[in-house]
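# Structure at a glance
Chain residues, written in single-letter form:
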Amino acid sequence: MTARRTGRPLVPAYLSTGGVATPRRGSLERLSVLAATDQPVPQGLPAAQHALLDVLGDGSLTVVESAALLRLPVSAIRVLAAELTDRGLVTSRPPVPAAEPPDPDLLKRVADGLRALKH
Amino acid sequence: MASAPSSTSGLRQPGSGPHLPDTARELVKILVAGPFGVGKTTLIDSVSEITPLHTEEQLTEASVAVDDLAGVRDKTTTTVAIDFGRISLPGGVVLYLFGTPGQERFRSLWDDIAYGALGALVLVDTRRIDDSFDVLGLVEETGLPYAVALNTFPDSRSYTEDQLRAALDLEPGTPMVACDARETNSSIDALLALVQHLIDRSAGT
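The structure presented is a predicted model; accordingly, all values stated were derived computationally and were not measured.

So, about the pairing of strand S4 (residues 93-100) of chain B. For S4(B), the tally of buried residues reaches 8 of 8 residues, placing the bulk of the element in the interior. Side chains B:Val93, B:Leu95, B:Leu97 and B:Gly99 of S4(B) all project onto a buried face; the interleaved residues B:Val94, B:Tyr96, B:Phe98 and B:Thr100 project onto the opposite face, where all are buried too.

As structure tokens, this is what we get:
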């Protein structure tokens, strides 16, 4: 937990999505990876959608990182990303191939990776 | 808050932006769960390659006003900040750590954050063992595999492992390790105890 930041975000969360509360697609997870496409950005794109494109830049960010950087709730990013995906301006991919329980090989690579970080 | 980070990660990459490394292929998460002030953010900060970020999460809950003269139930929205950090591991795996409060009133938020998590590292302050009961209950209800890390404070009393296991009502197979959440290597060891437990479980089934 951290203390609440001082200063309010430029766009209140409830306005950022134009009043839409739930995304049309339900598949975006906190760790789904978003990236902007190279489609030209149309005139008159809502400011919040523009802000998400700007923060993505030419790299990739997860939903939760986009939320933190834009100071918007995760739920708002889900809506914005879904709208941008519909416009062909953003692509998303799931964090890992779904596996339940997790792939033992993946777990082993996490363990090896953590061990390699010790110093 | 007593658990304010007193050191930053030895793994911080200076100058690296928030964007994912190009090598990122699989993104996984582990919950760092525990009551307020137990050191969740400190642990995340000690291993994260980015300065920990946080999201403001809305909790909507029905509450009854204390001065309830009209008998009106009103709905209040409170906000809780959820911290998270990131570690890019060799081999294209990116590990996210989410600091997750464990009170029952955070249940719906908990379920959303826990979705797809590998497991949970439950941080316990041995000076306030009772504070961890809610978290442990929630982890077990969710069915997430977990390990317990005892965050040691200078004035922590020393208990035997058996005493602590009994007090926390842990199953024999649940790992329990001591940890100094300020120390990068100590935090990594605690995470490794959890991941090794996950590997053992997956081998056993």
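Next up on the list: the confidence of the model for chain A. For chain A, mean pLDDT is 85; residues scoring 70 or higher make up 75% of the total. The lowest-confidence element of chain A is helix H1 (residues 13-16) of chain A, averaging 66 in pLDDT; the highest-confidence one is strand S1 (residues 33-36) of chain A, averaging 97.

Residue and element names in this part refer to chain A. Closest axis-to-axis distance for the helix H2 (residues 47-56)/helix H3 (residues 63-70) pair is 10 Å, and the angle between their directions is 110°. Relative to H3, the element H2 is oriented roughly perpendicular. Contacts between H2 and H3 involve Ala 51, Leu 52 and Val 55 from the first element and Ser 66, Leu 69 and Leu 70 from the second. Residue composition of the contact of H2 with H3, grouped by class: 5 nonpolar, 1 polar and no charged.

Turning next to helix H5 (residues 104-117) of chain A. Residue and element names in this part refer to chain A. Under the 1.5 Å per step criterion, the end-to-end length of H5 is 20 Å for 14 residues, consistent within 8% with the ideal 20 Å. Among the residues of H5, those classed as buried are Leu 107, Val 110, Leu 114 and Leu 117. Down the axis of H5, the buried set is contained in an arc of 85°. They therefore lie on one face. Of the exposed residues in H5, those oriented more than 90 degrees away from the buried face are Asp 105 and Ala 116.

For helix H5 (residues 184-204) of chain B, spanning 21 residues, the distance from its first C-alpha to its last is 30 Å, which sits close to the expected 30 Å at 1.5 Å a residue. Every buried residue of H5(B) is listed here: B:Thr184, B:Ser186, B:Ser187, B:Ile188, B:Ala190, B:Leu191, B:Leu194, B:Val195 and B:Leu198. Its buried side turned inward, H5(B) meets H5 of chain A together with strand S1 (26-33), helix H1 (40-47), strand S5 (119-125), strand S6 (146-151) and strand S7 (176-179) of chain B.

Take the sheet that holds S1(A) next. Residue and element names in this part refer to chain A. Strand order in this open sheet of 3 strands is S2-S1-S3, and the pairing throughout is antiparallel. Looking at strand neighbours, the two that pair on one side only are strand S2 (60-62) and strand S3 (90-93), the edges of this open sheet. If you compare each strand with its neighbour and ignore which way they point, the axes differ by 30° on average. Pairing of S1 with S2 involves 3 bridges; the strand directions are antiparallel. Within the sheet, the bridge partner assigned to Leu 34 lies in S2 and is Leu 61.

Residue-level contacts link 36 residues of chain A with 43 residues of chain B. Elements represented by at least two residues in the side of chain A that touches chain B include exactly S2, H3 and H5 of chain A. When residues in the side of chain A that touches chain B are grouped by element, the largest group, 12 residues, is from H5(A). Its residues assigned to classes, the side of chain A that touches chain B shows 22 nonpolar, 6 polar and 8 charged.

So, how was this worked out
Residues numbered from 1 in each chain as written. Chains lettered and ligands numbered in written order. Predicted model: local features only at pLDDT ≥ 70, side-chain atom pairs only at ≥ 80, totals over all residues. Buried ≥ 20, exposed ≤ 12 C-beta atoms within 10 Å, placed from the backbone. Helix = DSSP H or I, 4+ residues; strand = E, 2+ residues; numbered from the N terminus. pLDDT = per-residue confidence, 0-100. Axes fitted to C-alpha atoms, helices over the stretch in contact; angles between N-to-C directions. Parallel < 35°, antiparallel > 145°, perpendicular 65-115°, else oblique. Contact = placed C-beta atoms within 7 Å. Nonpolar A, V, L, I, M, F, W, Y, C, P; charged D, E, K, R; others polar. Expected span 1.5 Å × (residues − 1). Arc of directions from axis to C-beta. Pairing = 2+ DSSP bridges.

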